[in-house]
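# Structural overview
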Amino acid sequence: MASKARPDTGSGAKNPDSYHHGALREALLTGARELLDERGEDGFSLSALARRLGVSTAAPYRHFADRDALLHAVGDLGYEELRRRLLRADEAADGPADTLVGMCAAYLRFAQDNPALFGILFRSRGTHRQSPTGPASFQPLIDAVTEAQRRGVLDSGASPLVLARSIWAAVHGLAVLHLNGGFAKLGLDDTPERLAADTLAAMLRTPDGPAPV
């Protein structure tokens, strides 16, 4: 019995079976991230990704049901990268106020460094699916808020989750305005570190008044 013909992969294309099972999935995720950086979400497609990797257009479907499923997986990796940045900011900080400012600056820097990836993290595509790594990526901020409350740098009467969510909402708004050129248009643009410090100055406090940032 004749074997089933493989799809035409084009000149010079790799046979998708030349990738080890796990290596193909890793290559798809790495290539998707690169393609997003270059073309943005609107310019991203599974066929373009397949051409980049030199595999058949059917190859991505061996690991991902569709384009949205692959973008969900890329987003999961983005959440983990964001979490690592927040933890590094915590390690480099000197005190709870500095930790919060550093984490917010790290969030802004992450958005600035990865605009396309940042854009897909908080956008629902197709059927809503909660990221398993999304909540974990924000735990460092919740922990930092809890410690700041314990040390009297933030209002101890409010829920740590509510405070962390409020700080996140503020810094996320800064990130979107910064990426869209809103601050530059008004002549208010600044570095992520300065934007973070100025925004948190009104929230942080010491026994004698606002905390220095």
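None of the values given here were measured: they were computed from a predicted structure. (Residues numbered from 1 in each chain as written. Predicted model: local features only at pLDDT ≥ 70, side-chain atom pairs only at ≥ 80, totals over all residues. Heavy atoms only, no water.)

Our focus in this paragraph is the confidence of the model for the protein chain. With 80% of its residues at a pLDDT of at least 70, the protein chain reaches an overall mean of 83. Low confidence marks residues 1-14, where pLDDT is under 50. Its contacts with residues over four positions away, or in another chain, come to 11 contacts. Confidence over residues 206-213 falls short of pLDDT 50; this stretch has 14 contacts with residues more than four positions distant or in other chains. (pLDDT = per-residue confidence, 0-100. Contact = heavy atoms within 4.5 Å.)

What follows covers empty space enclosed by the protein. Within this structure, the stated rule accounts for two cavities of 30 Å³ or more. Computed from the structure, the largest cavity encloses a volume of approximately 60 Å³. Lining of the largest cavity is provided by Leu86, Met103, Cys104, Tyr107, Phe138, Leu141, Ile167, Trp168 and Val171. The set of elements that each furnish at least two residues to the lining of the largest cavity consists of helix H4 (96-113), helix H6 (134-150) and helix H7 (160-179). Grouping the constituent residues of the lining of the largest cavity by class yields nine nonpolar, no polar and no charged. Estimates place the volume of the second largest cavity at around 40 Å³. Lining the second largest cavity we find Cys104, Ile167, Ala170, Val171, Leu174, Ala196, Thr199 and Leu200. Breaking the lining of the second largest cavity down by element, the ones donating at least two residues are H7 and helix H9 (192-201). Ranked by residue count, the leading element in the lining of the second largest cavity is H7, at four residues. (1 Å grid on protein atoms, 1.4 Å probe; cavity = no way out; pocket = protein on both sides within 12 Å on 5 of 7 lines; lining within 4 Å. Points joined across faces, edges and corners; volume = space filled by probe spheres on them. Helix = DSSP H or I, 4+ residues; strand = E, 2+ residues; numbered from the N terminus. Nonpolar A, V, L, I, M, F, W, Y, C, P; charged D, E, K, R; others polar.)

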